[in-house]
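Residue strings, one per chain:
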Amino acid sequence: MDAPKDASPSPKLHTRLRVWEFADRYVFEPVDGLADLFLSISRTNGSMNLVQELPPRGPSANPKVRIVFGVVGVLKLAVGSCCLVITDRDCVGSYMGHAVFKVTGLKFLPCTTASLAEQKKMESEFSDLLDAAERSIGLYFSYEANLTLTLQRLYDLGDTFKALPLWKQAERRFMWNGYLLEPLIENKLDQYLLPVIQGSFQNIHAEVGSDKVVVTMIARRCTRRIGTRCWRRGADPEGYAANFVESEQIMQTKGYTASYVQVRGSMPFLWEQIVDLTYKPSFDIVRVEEAARVLERHYHDLQKKYGAVVGIDLVNTTGGEGRLYERYAKSIEPILSEDIRFIHFDFHKICGHIHFERLSQLYDQIEDYLKKHKYFLLDDQGKKMAGQTGTVRTNCVDCLDRTNVTQSMVGRKTLESQLQQLGVLGGNDTISNHPAFDADYKVLWANHGDAISTQYSGTPALKGDFVRYGKRTTQGILNDLWNALARYYFNNFADGTKQDAMDLLQGHYVSSVSRDAAVPSRPGVMQSFRAAFALIFCAAMFMLMSLRQARNDLRHLVVALVWAGLCVGIALYVKRNGRKFCNRPRFYLSRN
């Protein structure tokens, strides 16, 4: 998308660096012509400074060399530290006239003074976390554009603000590497301070009649309560909600630019859903007496950032979800006003699994709100014509599947209103009347939902076929079944390590400076699901063998019963102690 006419360039960041790996230091040599000074990072203590030339090289000093595309930051561990760099990137589009890149490769460069034995000990304890961190997905950056702020916020802050270094402009809650950049900030290395967001970035180019339309979608994932699907639920005592994502839909046509922002996030009070090998673990509402206070803090924070708020709750009214809905509705009641509204829409009851067109009933309830609070709009001279004065906050349980379907509906209605105002669509015209544009727009929102879902749950969004094609399909239903099973596996057997890696990168768990410190160990063999499964399998095999021999000798029937009892006993033990057999985060503390 093109830059607004009042934009001014930010200080240039290094776009390409050659890393020399000497025995005692890493030296980052800019190869983009933006500076003559090199960044030197000690491999023994992680100290940093700028140098004017490379260390001498000779037959005995033959450093390894690699090209990187940015320094994500430095992670401090109990023994030394690690420098995280971008080894691969893909250009995925442009924003405000500047290229946007997706991170496709990350690498840790270790810096430590530890002895070999200490290094091996820490590597064994942290290697799985660092490996998981290197596999972080959905990371985007730009060397020149601020991806952490909405267009309206950028416009309101003005040119003086936009002349600041990018890291000073960035909104901290959406800067994924904010904690990692702290050592570089302390050393005033502005040209190396590259803000990174987690979420999604994509755009489409379409023709509607004789007009060209560009639609860009940006998802910004909040880092305050970042995590995986079952290990981060609800809100923390400060009111920060799990899986909180700001989604901005930007449209450009005829020189005009319009933006609409909506948000999603977990139900903003204290609750948990701890995995225990069951398909759907029970919901536990924690510290009920604090629910109203936490929720009020959350909504008042939303008001400060977005103006008026309408909360749309899509959960069921029965079962465990019903208990969450009741707590949400009761807790928000004291703060309801003209600027804070709450709407409950039982998505599954009203829409079922195929009748998503019934979301029109929800739109009828919020249409007046959307028209009143409008959207941000710049004219072809870059002047502000209108501002967005309120947002829609949507949640289901995971804030993924039902939420994405609903948000895509709100986004579509808003986009149609924008195009009608600018004369691209007639007064009664809709996006659906333009098949090519309609198809691309559906894919845009489907990819948007899949990206957020994969980061939180490990799989693409369910119900994505409706967002992608406008209807439920047999293949889509089969995909949902497969993804539901995959989520079960990830929740129970993989997400603990992933959660620890996220907490480590965000500074939510700070490794002790004591060399004697060690991360909590993983459960032992008898708390291993694989070991228990193997025992059950072996016992079942021996039981079958004994049953076959029981035809000739009834004593084997007794042996078969013993093996059967062992199978049942182990299975019952696993069921009763399900939480012990899951891949739990080592840094996690229950709030019960």
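Keep in mind that what you see is a predicted model, and the values were worked out from it rather than measured. The numbering scheme is per chain: residues are counted from 1 as the chain's sequence reads. For a predicted model such as this one, the threshold for reporting local features is a pLDDT of at least 70, and the threshold for listing and counting side-chain atom pairs is 80 or more; totals across whole chains, interfaces and linings nevertheless cover every residue. Water and hydrogen atoms play no part in the side-chain values, which are based on all heavy atoms of the structure.

**Looking at the sheet that holds strand β3 (residues 38-42)**
Then, in step 1: Strand pairing requires that DSSP identify at least two bridges connecting the strands. Only DSSP runs of H or I reaching four residues or more are called helices, and only runs of E reaching two or more are called strands; each is numbered from the N terminus. With respect to topology, five strands assemble into an open sheet ordered β4-β3-β2-β1-β5, the strand pairing being antiparallel. The sheet is open, and its two borders are formed by β4 (48-51) and β5 (64-68), each paired with just one other strand. For this sheet, the mean angle separating the axes of adjacent strands, direction not counted, is 25°.
Then, in step 2: Examined bridge by bridge, β3 and β4 share four bridges and lie antiparallel to one another. For helices, the fitted line uses only the C-alpha atoms of the stretch in contact; every axis is such a line through C-alpha atoms, and the angle between N-to-C directions lies from 0 to 180 degrees.

**Thoughts on the pattern of salt bridges**
Then, in step 1: In what follows, salt bridge is the name for a side-chain nitrogen of Lys or Arg lying within 4 Å of a carboxyl oxygen of Asp or Glu. Applying the stated criterion across every chain, the model contains 31 salt bridges.
Then, in step 2: Taking the shortest distance from any N to any O, the salt bridge between Glu290 and Arg287 comes out at 2.9 Å.
Then, in step 3: The network of salt bridges with shared partners includes Glu171, Arg173, Arg220, Glu246 and Glu248.

**Regarding the pairing of strand β11 (residues 211-221)**
Then, in step 1: Among the 11 residues that make up β11, 10 are buried, leaving the element largely enclosed by the rest of the structure.
Then, in step 2: Direction of pairing for strand β10 (residues 197-208) relative to β11: antiparallel, over a ladder of 10 bridges. Within β11, the residue paired with Gly199 across the bridge is Arg220.
Then, in step 3: Count of turn residues in the β10/β11 antiparallel hairpin: two residues, of which Gly209 carries a positive phi of about 65°.
Then, in step 4: As defined by bridge partners, β11 adjoins strand β12 (residues 245-253) across eight bridges and the pair is classed as antiparallel. For every residue, the accessible area (1.4 Å probe, protein chains only) is compared with the maximum for its type, and the residue is labelled buried under 20%, exposed over 50%, or partly exposed between those bounds.

**Quick notes on the environment of Tyr192**
Then, in step 1: Summarising the element assignment, Tyr192 is placed in the loop between α4 (182-186) and β10.
Then, in step 2: Exposure remark for Tyr192: the relative accessible area of 5% places this residue in the buried category.
Then, in step 3: On a C-alpha basis, the gap between Tyr192 and Val71 in space is 6.4 Å, while along the polypeptide they are 121 residues apart.
Then, in step 4: When checking whether two residues touch, look at their non-hydrogen atoms; a contact exists if any pair is within 4.5 Å. Other than its neighbours up to four places away in sequence, Tyr192 contacts His14, Leu17, Phe28, Pro30, Leu37, Phe38, Leu39, Leu50, Val71 and Leu184.

**Details of the nonpolar core**
Then, in step 1: Nonpolar cores are built from buried Ala, Val, Leu, Ile, Met, Phe, Trp, Tyr and Cys residues. Side-chain atoms within 4.5 Å join them into one set. Ranked by size, the top nonpolar core spans 45 residues in total, and within it Val215 and Phe437 carry the most contacts.
Then, in step 2: One finds Leu106, Ala133, Ile226 and Met502 within the second-largest nonpolar core, a separate group that totals 32 residues.

**Regarding the UniProt feature "transmembrane region" (unreviewed entry) in the protein chain**
Then, in step 1: UniProt positions are given in the numbering used here, feature names are shortened, and annotations may be inferred rather than shown by experiment. In the numbering used here, UniProt assigns the feature "transmembrane region" (unreviewed entry) to residues 67-86, 531-548 and 554-574.
Then, in step 2: With 0% helix and 70% strand, residues 67-86 has its two end C-alpha atoms placed 9 Å apart.
Then, in step 3: For residues 554-574, the end-to-end C-alpha separation is 31 Å, with 95% helix and 0% strand making up the annotated structure.

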